[in-house]
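Breakdown of the fold
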Amino acid sequence: MLKLAICVAGIYTCFLTWGYFQEKVSTTPYGAADAKFEFFIFLNMVQAFTASATAFLYLKLQGKPLEMPSRMLLGKYFQVAFSNAIASPFSYAALKHIDYPTMILTKSCKLVPVMLMNILLYRRKFPTYKYVCVALITFGVAGFMTLAPFDEHKKGAVESSLFGMFLVIVNLTIDGVTNSTQDQIFHTFKVTGQQMMCFMNLFMSAFMAIWLINPFNSELSNALAFCHSHPAIIKDIMLFCICGAVGQCFIFYTLEQFGSLSLVTVTVTRKLFTIVISVISYGHLLNISQWLMIGVVFSGIGLEAYVKRNEKMEKMVDNLPSHSPKPDNGGSSPDTFIKILVHLRCR
């Protein structure tokens, strides 16, 4: 129980802090001139490199091998790294048009593109309850946006919000491609989550570094100049990157030691607390109807977790000899679908 408590505390501490600094770096002004940091490919490169280095260190400390992947697996890593690299800028661009709680809630719809891309690309089928969960989540997010207070004095606000939602949908669609491919990797190759975390983030950082050193692109020099002019952001960027990377390690350790059943509740409630912290810290205003829609979204996520938990427990009982005692709730092994969602960024 002490290990599980440490894992839960680590996930909450890392990802709630990560969410706080993600919003701070991407939306709040720095310095007397109220300048905003808008160099998100640079930010993603630093984050990806930090995550890769952290995963490598984690594997070394655990005494686990990090072998050179086969040519086929290497190609798959390149594929998921490239799609992940082009997805993140859409997420950050959306924050120019919608607030952070809206983006986090919309990203709870990540189940939709993952399922859609699995169906379209790999012809997979899902049980009925997953479609019900998707319907609840989609209805909740749509209601959250529809019930937002309308300010008649802000012309173009509706169009801007719709464009922001469009950018998030693009991000989620690309994430769906990325994570359906990750699903295929977990099914086909014997890799651990940390190995994928290390190689995928390494290739992501390489792709973005190549883009940044392009002589026709000034983002790298502008980002470094911004950091030089506003040194306070360096601390925020480093805390953002480190918290995200260490948080992923806590997630994978929890999966290995306690199984996906113990992880689901933590990750679901973490998203809700991220929204609450954002509302409190940055003064976002939500009406009662919007809070109700947030409840609808998380009821869909909770339903998916509840049904999955029951299915896991039934499967574990069926696989035991008749004389064996029933297992407790925390000992199942992680399933592929949970591993996929670990790699999705809320980023």
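Residues numbered from 1 in each chain as written. Predicted model: local features only at pLDDT ≥ 70, side-chain atom pairs only at ≥ 80, totals over all residues. Heavy atoms only, no water.

1. Observations regarding the overall build of the chain
Regarding its fold elements, the chain presents 13 helices and 0 strands. Its helices and strands taken in sequence order, the chain reads α-α-α-α-α-α-α-α-α-α-α-α-α from the N to the C terminus. Out of the 347 residues in the chain, the part that is buried amounts to 52%. By sequence separation, contacts in the chain at least 24 residues apart represent 84% of the contacts at least 6 residues apart. Counting only carbon and sulfur atoms, one obtains 67% of the accessible surface of the chain, whose full area is about 16,800 Å². (Helix = DSSP H or I, 4+ residues; strand = E, 2+ residues; numbered from the N terminus. Buried < 20%, exposed > 50% of the residue type's maximum accessible area, 1.4 Å probe, protein only. Contact = heavy atoms within 4.5 Å. Areas by Shrake-Rupley, 256 points an atom, 1.4 Å probe, with all protein chains shown as cover.)

2. Topic: a nonpolar patch on the surface
There is a patch of nonpolar side chains on the surface, built from Leu116, Leu120 and Leu121 and spanning about 270 Å² of accessible area. Its place among the elements puts Leu121 in helix H5 (residues 111-122). (Patch = residues over 30% accessible without salt bridge, like charges linked within 9 Å, V, L, I, M, F, W, Y side chains within 5 Å. Salt bridge = Lys/Arg side-chain N within 4 Å of Asp/Glu carboxyl O.)

3. Side note on the confidence of the model for the chain
Put simply, the chain has an average pLDDT of 80, and 82% of its residues get 70 or more. Across the chain, the element-wise mean pLDDT spans from 50 in helix H13 (residues 336-343) up to 95 in helix H9 (residues 219-229). The low-confidence segment residues 326-334, where pLDDT is below 50, has 29 contacts with residues more than four positions distant or belonging to other chains. (pLDDT = per-residue confidence, 0-100.)

4. Quick notes on the side chain of Thr102
Residue position: Thr102 is located in helix H4 (residues 100-107). Within the structure, Thr102 has its side chain in polar contact with the side chain of Asp99 (distance 2.6 Å). Those residues in contact with Thr102, other than ones at most four positions away along the chain, are Phe144, Met145 and Met165. (Polar contact = N/O pair within 3.5 Å; in protein donor to acceptor, adjacent residues only side chain to side chain.)

5. Looking at the nonpolar core
Core analysis: the biggest nonpolar cluster contains 68 residues, and Phe37, Phe42, Leu43, Leu105, Ile233 and Ile237 have the highest contact counts within it. With 8 residues, helix H3 (residues 71-94) is the single largest residue contributor to this core. Filtering out sequence-adjacent residues up to four positions away, Ile233 remains in contact with Val25, Tyr30, Phe37, Phe226 and Cys227. Grouped together as the second largest cluster of nonpolar side chains are 12 residues, Leu4, Met197, Ala245 and Tyr253 included. (Core = buried A, V, L, I, M, F, W, Y, C linked by side-chain atoms within 4.5 Å.)

6. Structural notes on the packing of aromatic side chains
To describe a pair of aromatic rings, you give the distance between the ring centres and the angle between the ring planes. Considering all chains together, one arrives at 18 aromatic pairs under this definition. With centroids separated by 5.6 Å and ring planes inclined at 15°, the aromatic side chains of Trp18 and Phe240 adopt a geometry described as stacked. With Trp18 in helix H1 (residues 2-27) and Phe240 in helix H10 (residues 232-258), the pair connects residues that are 222 residues apart, well separated along the chain. Phe240 carries the same exposure label as Trp18, and that label is buried. Between Tyr30 and Phe226 the ring centres are 6.3 Å apart and the planes differ by 85°, which places this aromatic pair in the edge-to-face class. Of this pair, Tyr30 sits in the loop between H1 and helix H2 (40-62) while Phe226 sits in helix H9, and the two are 196 residues apart along the sequence. Classification of Phe226 by relative accessible area gives buried; the value is 8%. Every member of this aromatic cluster is reached through a ring pair, and the members are Tyr30, Phe37, Phe39, Phe40, Phe42, Tyr92 and Phe226. (Phe/Tyr/Trp six-rings, centres within 6.5 Å; stacked < 30°, edge-to-face > 60°.)

7. Describing the packing of H2 against helix H8 (residues 193-212)
At a closest axis distance of 7 Å, the pairing of H2 and H8 adopts a crossing angle of 150°. Classed by the angle they form, the pair H2 and H8 counts as roughly antiparallel. Regarding H2 and H8, the two cross each other, and that crossing is left-handed. Contact residues: Ile41, Phe42, Asn44, Met45, Ala48, Phe49, Ala51, Ser52, Ala55, Phe56, Tyr58 and Leu59 in H2; Gln194, Gln195, Met197, Cys198, Asn201, Leu202, Met204, Ser205, Met208, Ala209, Trp211 and Leu212 in H8. (Axes fitted to C-alpha atoms, helices over the stretch in contact; angles between N-to-C directions. Parallel < 35°, antiparallel > 145°, perpendicular 65-115°, else oblique. Left-handed = near helix turned anticlockwise from the far one by under 90°.)

8. Some points on unusual backbone geometry
Positive phi is not limited to glycine here, since Asp34 has a value of about 55°. Relative to the helices and strands, Asp34 is located in the loop between H1 and H2.

9. Overview of the pattern of salt bridges
Inspection of every chain in the model, using the stated rule, returns 1 salt bridge. Taking the shortest distance from any N to any O, the salt bridge between Asp236 and Lys24 comes out at 3.5 Å. Of the two residues, Asp236 sits in helix H10 while Lys24 sits in helix H1, which places them 212 residues apart along the sequence.

10. What to know about H4
Of all 8 residues making up H4, 8 are buried, and the element is well covered by its neighbours. Among all positions in H4, only Tyr100, Pro101, Thr102, Met103, Ile104, Leu105, Thr106 and Lys107 are buried.

11. Digging into the state of the cysteines
All chains considered together, the criterion is met by 0 disulfides. Here Cys14 stays free of any disulfide, with the sulfur of Cys243 as its closest cysteine sulfur at 5.5 Å. (Disulfide = S-S within 2.5 Å.)

12. Considerations on the packing of H2 against H3
For the pair H2 and H3, the least separation of the axes is 10 Å and the interaxial angle reads 125°. If you check the angle between H2 and H3, you find them oblique. Of the two possible hands of crossing, H2 and H3 adopt the one that is right-handed. Residue-level inspection shows Phe40, Ile41, Leu43, Asn44 and Gln47 of H2 in contact with H3, the latter providing Ser88, Pro89 and Tyr92. Residue composition of the contact of H2 with H3, by class: 5 nonpolar, 3 polar and no charged. (Nonpolar A, V, L, I, M, F, W, Y, C, P; charged D, E, K, R; others polar.)

13. Section: the side chain of Ser26
With respect to the element layout, Ser26 can be found in helix H1. Note on Ser26: relative accessible area 10%, which makes it buried. Not counting residues within four places of it along the chain, the set of residues in contact with Ser26 comprises Phe37, Phe40, Tyr92 and Leu95.

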